[in-house]
Amino acid sequence: MVRNPERRTALVDAAIEVLAREGARGMTFRAVDTEAGVPPGTASNYFTSRDDLFIQAGRHIHVRMAPDPDEVAEALRPAPSRELVASLMHWLVRRMAKERVGCLALLELKLEATRRPELRATLTEAIRADQDANVRFHLDAGLPGDADTVRLLHFAMTGLLIDSLTLPDVLGPDQTDRLVEMVVDRVVGS
């Protein structure tokens, strides 16, 4: 295997782009090479198989989609409150709309994980760690609610994001904003 970390990351990023656009079936070594703008056969020099490429994309996608720490600090400037939770959920929707490619690729990876046990284990570990970090973040910030509040917000927002990213004409932006407020009201309270 070739050892060039920058090129490897570029290939994984290209795989994420291909996943979002073409789906799991379209993610071939050739498609990744083309997306990355590298000579044919390059991806196969970095990854032992498509399974390996899926797993590496599953490991990297959370790094790619992680919020900028400075933006998090800015978002947390207001005092902990129900309003701050709502503001954070609106911020999440805006961030995910900007990172549409990553969100769609993650959805493809989750679907593919139903058929690839090693990918399932990789994503399960990463998503569970993200959820645990989100619970710690929420509680440490003194935001209203408990661990179950965070989990309910996660699952409600995930469903809202899936529909808004895959079928954007189902909900308009005004409805999305209204639904975010309703989710926060029902989960956190008024």
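Values in this document were obtained by computation on a predicted structure and should not be read as measured data.

In terms of helices and strands, the chain carries ten helices and zero strands. Shown N-terminal to C-terminal, the secondary structure of the chain runs as helices and strands in the order α-α-α-α-α-α-α-α-α-α. Among the 190 residues that make up the chain, the fraction classed as buried is 39%. A total of about 10,700 Å² of accessible surface is found on the chain, and carbon and sulfur atoms cover 53% of it.

Counted as a void, the largest pocket has a volume near 1,100 Å³. Residue lining of the largest pocket: 34 residues in total, with L92, R95, M96, N134 and H154 positioned closest to the centre. If you list the elements that add at least two residues to the lining of the largest pocket, you get helix 4 (50–65), helix 6 (82–98), helix 7 (100–113), helix 8 (117–140) and helix 9 (147–166). The element best represented in the lining of the largest pocket is helix 9, accounting for nine residues.

This paragraph deals with the confidence of the model for the chain. Taken residue by residue, the chain gives an average pLDDT of 93. The fraction at 70 or more is 98%. Per-element confidence in the chain ranges from a low mean pLDDT of 88 for helix 5 (residues 69–75) to a high of 98 for helix 2 (residues 29–36).

Core analysis: the biggest nonpolar cluster contains 49 residues, and L19, M27, V32, M89 and L109 have the highest contact counts within it. Ranked by the residues each element gives to this core, the list is headed by helix 1 (residues 5–26), at nine residues.

You can see R95 is positioned in helix 6. Buried charge without a partner: R95 forms no salt bridge, and the closest opposite charge is E71, 5.6 Å away. Not counting the four nearest positions on each side in its chain, R95 is found in contact with M65, A66, P67 and E71.

Another aspect to go through is the pattern of salt bridges. Following the criterion strictly, the structure yields twelve salt bridges and no others. Measuring nitrogen to oxygen at the nearest pair gives 2.6 Å for the salt bridge that ties E112 to R116. Comparing E112 with R116, the two get one shared label, buried. Linked through salt bridges whose partners overlap, the residues forming this network are D13, E17, R64 and E99.

The rules behind each value
- Residues numbered from 1 in each chain as written.
- Predicted model: local features only at pLDDT ≥ 70, side-chain atom pairs only at ≥ 80, totals over all residues.
- Heavy atoms only, no water.
- Helix = DSSP H or I, 4+ residues; strand = E, 2+ residues; numbered from the N terminus.
- Buried < 20%, exposed > 50% of the residue type's maximum accessible area, 1.4 Å probe, protein only.
- Areas by Shrake-Rupley, 256 points an atom, 1.4 Å probe, with all protein chains shown as cover.
- 1 Å grid on protein atoms, 1.4 Å probe; cavity = no way out; pocket = protein on both sides within 12 Å on 5 of 7 lines; lining within 4 Å.
- Points joined across faces, edges and corners; volume = space filled by probe spheres on them.
- pLDDT = per-residue confidence, 0-100.
- Core = buried A, V, L, I, M, F, W, Y, C linked by side-chain atoms within 4.5 Å.
- Lys, Arg positive; Asp, Glu negative; His and termini not counted.
- Salt bridge = Lys/Arg side-chain N within 4 Å of Asp/Glu carboxyl O.
- Contact = heavy atoms within 4.5 Å.

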